[in-house]
Amino acid sequence: MKKLPLLLLAAAFGSLPVSAQFRLSGHIGGMPDSLRLAVVNVENPDNTRLICTTYPTDGAFTLMSDSLTQPTVCELRLQRHAPKMERFTTLCSARFVASAHPMQLEPTTMKALEDASDDYRTEQAMRITGGEAQEGWNTYLNEVFETERAAKLAGYKQAQVYFDTNNNPDSVRKYRILEKEANARLLQARVDFARRHPASIPAAYWMDREICTLFIHSAEELESMAALVQACPDTARVNAVNRHLQTALKYALHRPYVDFDLTLPDGQTARFSSLVPKEADYTLVDFWASWCSPCRAAIPHVKEMGAKYGRRLGILSISVDRKEADWRKAMGEEGMTWPQAWLKGSQMNTVADAYVIQSIPRLLLIDCEGRIVVSTYLPDEITEYIQKNITL
């Protein structure tokens with residue numbers, strides 16, 4: 001197979017020429033002139049960036065920007081201004097890969113968008129074309145959209161049940177399992193897509209996104225996902241995948257736990273490793289705080305597991321309370337008779353970095369070889385794993 005010259009690859013997928021300008025045109029029949037269209041960079045969902053906006057004239061619009069230096073995953077958002085909130089709210093949106101190629105939103109109408117939104121099919125009604133990178137994105141949508149939609153609907157249903165039942169454990173548990181299964185199917189669909197289209201931008205984009213989710217995959221799984229997209233001609237994107245892989249490997253499942261200092265109830269400092277029971281099949285580590293309602297709601301669950309599995313399951317609760325007095329008071333109120341510890345002052349720094357603790361509760365399950373096998377905020381996930389791996 002002949003290789004394309006480097007300049008042609010750069011034009012197709014890589015950095016855009018300095019003079020290149022992103023341009024997206026289209027027409028949405030029946031769209032009020034009061035609504036605006038916005039293009040937002042969503043390469044990093046946690047740090048989105050507005051690229052350009054415009055207001056249509058009789059539904060016709062053109063969006064332009066010269067700030068994009070390489071093909072970029074974006075969203076086209078249809079928005080209404082909310083004066084009381086002093087911001088714009090998004091009515092519907094569609095993802096696409098913005099590039100220097102002339103791009104076009106296929107003709108559609110407000111009615112079609114409203115109907116599609118009701119059925120969670122907006123991206124099928126907001127079809128964008130133009131350029132090889134976007135052709136790859138449309139291929140992704142053609143092959144994976146239904147699986148992705150099913151996962152979204154499972155997530156929406158779980159959230160609805162959570163609020164409708166005031167977080168009834170039995171009801172929510174059922175739909176969390178369904179959501180987890182739907183997300184597993186979606187991950188597999190994306191991995192299969194990357195295998196079929198290893199040189200495509202959406203393959204690299206989704207493998208990168210998955211690699212950036214910490215304590216979810218083993219080192220082997222992370223390396224396999226990165227290897228799938230090394231053929232992508234967008235070298236900047238591949239380099240980002242490889243950088244993120246090196247970080248993710250530090251937080252891979254089945255890696256040995258990182259040791260750290262903590263403070264015991266008697267005021268002495270100890271190493272975490274000294275509190276991990278050698279005879280236990282697994283050790284459950286519960287990072288909690290007195291002020292955290294979900295943490296305290298999970299304490300009876302922790303007690304039950306300790307009583308059920310005895311010496312085969314070690315348990316250690318570690319408080320992240322700022323004040324020692326708050327920790328001690330809560331311990332007494334909850335009757336926490338199993339091993340306890342507190343992260344005092346700078347002791348929290350090592351733990352926060354080693355285990356990426358940004359919220360609590362955080363539950364870790366460590367096997368008898370000292371490897372992290374589960375990291376979650378849900379007691380049910382710990383229970384599910386233990387039930388599968390400890391036979392009474």
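In case you missed it, the structure is sitting above this.
Residues numbered from 1 in each chain as written. Predicted model: local features only at pLDDT ≥ 70, side-chain atom pairs only at ≥ 80, totals over all residues. Heavy atoms only, no water.

Chemist: Go over the environment of T165 with me, naming the residues and quoting the values.
Modeler: Tracing the backbone shows T165 in the loop between helix 4 (132–164) and helix 5 (169–196). Filtering out sequence-adjacent residues up to four positions away, T165 remains in contact with S171 and V172. (Helix = DSSP H or I, 4+ residues; strand = E, 2+ residues; numbered from the N terminus. Contact = heavy atoms within 4.5 Å.)

Chemist: Before we move on, could you go through the packing of helix 6 (residues 201–211) against helix 8 (residues 235–248) and cite the residues and values that matter?
Modeler: At a minimum axis distance of 9 Å, the contact between helix 6 and helix 8 shows a crossing angle of 15°. As summarised for this structure, helix 6 and helix 8 are arranged roughly parallel, according to the angle between their axes. For the pair helix 6 and helix 8, the sense of crossing is left-handed. Where helix 6 approaches helix 8, its residues I201, A204, Y205, D208 and I211 are matched on the opposing element by R237, A240, V241, H244, L245 and A248. Residues that form the contact of helix 6 with helix 8 fall into these classes: eight nonpolar, one polar and two charged. (Axes fitted to C-alpha atoms, helices over the stretch in contact; angles between N-to-C directions. Parallel < 35°, antiparallel > 145°, perpendicular 65-115°, else oblique. Left-handed = near helix turned anticlockwise from the far one by under 90°. Nonpolar A, V, L, I, M, F, W, Y, C, P; charged D, E, K, R; others polar.)

Chemist: Mind laying out the pattern of salt bridges, listing which residues take part and the relevant values?
Modeler: In the structure shown here, the tally under the stated rule is 26 salt bridges. One salt bridge in this structure joins E384 and K180, with 3.8 Å as the shortest N-O distance. Placement of E384 in helix 12 (residues 379–389) and of K180 in helix 5 is noted, with a sequence separation of 204 residues between them. Look at E384 and you get partly exposed, because its relative accessible area is 29%. Here K180 falls in the partly exposed class, since its relative accessible area comes to 42%. (Salt bridge = Lys/Arg side-chain N within 4 Å of Asp/Glu carboxyl O. Buried < 20%, exposed > 50% of the residue type's maximum accessible area, 1.4 Å probe, protein only.)

Chemist: Please give an account of the state of the cysteines that cites residues and values.
Modeler: Under the defined criterion, the tally for this structure stands at one disulfide. Sulfur-sulfur distance for the disulfide between C292 and C295 comes to 2.4 Å. On the sign convention where negative means left-handed, the S-S torsion of about 75° between C292 and C295 marks this disulfide as right-handed. As far as the burial class goes, C292 and C295 line up, both buried. In this model C52 remains outside any disulfide bridge; the closest cysteine sulfur is found in C74, 8.2 Å from its own. Relative accessible area serves as the criterion here: at 9%, C52 is assigned to the buried category. (Disulfide = S-S within 2.5 Å.)

Chemist: Lay out the environment of R328 in plain terms, naming residues and giving numbers.
Modeler: Its place among the elements puts R328 in helix 10 (residues 324–334). Classification of R328 by relative accessible area gives partly exposed; the value is 31%. The spatial distance from the C-alpha of R328 to the C-alpha of F163 is 32 Å, given a sequence separation of 165 residues.

Chemist: An account of the sheet that holds strand 8 (residues 128–129) is requested, with residue identities and associated values reported.
Modeler: Taking strand neighbours across the sheet as the criterion, the four strands line up as 4-1-7-8 in an open arrangement whose pairing is mixed. With one partner strand each, in any of the chains shown, strand 4 (60–65) and strand 8 form the two edges of the open sheet. Bridging between strand 7 (residues 103–109) and strand 8 involves two bridges; their strand directions are antiparallel. Across the sheet, residue Q104 finds its bridge partner in strand 8, namely T129. (Pairing = 2+ DSSP bridges.)

Chemist: Now, about helix 10: what can you tell me, with residues and values included?
Modeler: For helix 10, every residue scored as buried is listed here: W327, A330, M331 and E334. Looking straight down helix 10, one finds that the buried residues subtend no more than 105° of arc, so they occupy a single side. Exposed side chains of helix 10 directed beyond 90 degrees from the buried face belong to A325, K329 and G332. Where helix 10 is buried, its residues contact strand 9 (261–263), strand 11 (282–288), helix 9 (293–309), strand 12 (313–319) and strand 13 (340–342). (Arc of directions from axis to C-beta.)

Chemist: How would you sum up helix 5? Please name residues and give values.
Modeler: Over its 28 residues, helix 5 extends 40 Å from the first C-alpha to the last, a length consistent with the 40 Å expected when each residue adds 1.5 Å. What helix 5 keeps buried is the set V172, A182, L186, A189, R190, V191, F193 and A194. In this structure, the buried side of helix 5 is in contact with helix 4, helix 6 and helix 7 (219–228). Capping the start of helix 5 is the job of one residue whose side-chain oxygen sits 3.2 Å from the backbone nitrogen of D170: N168. (Expected span 1.5 Å × (residues − 1). Polar contact = N/O pair within 3.5 Å; in protein donor to acceptor, adjacent residues only side chain to side chain.)

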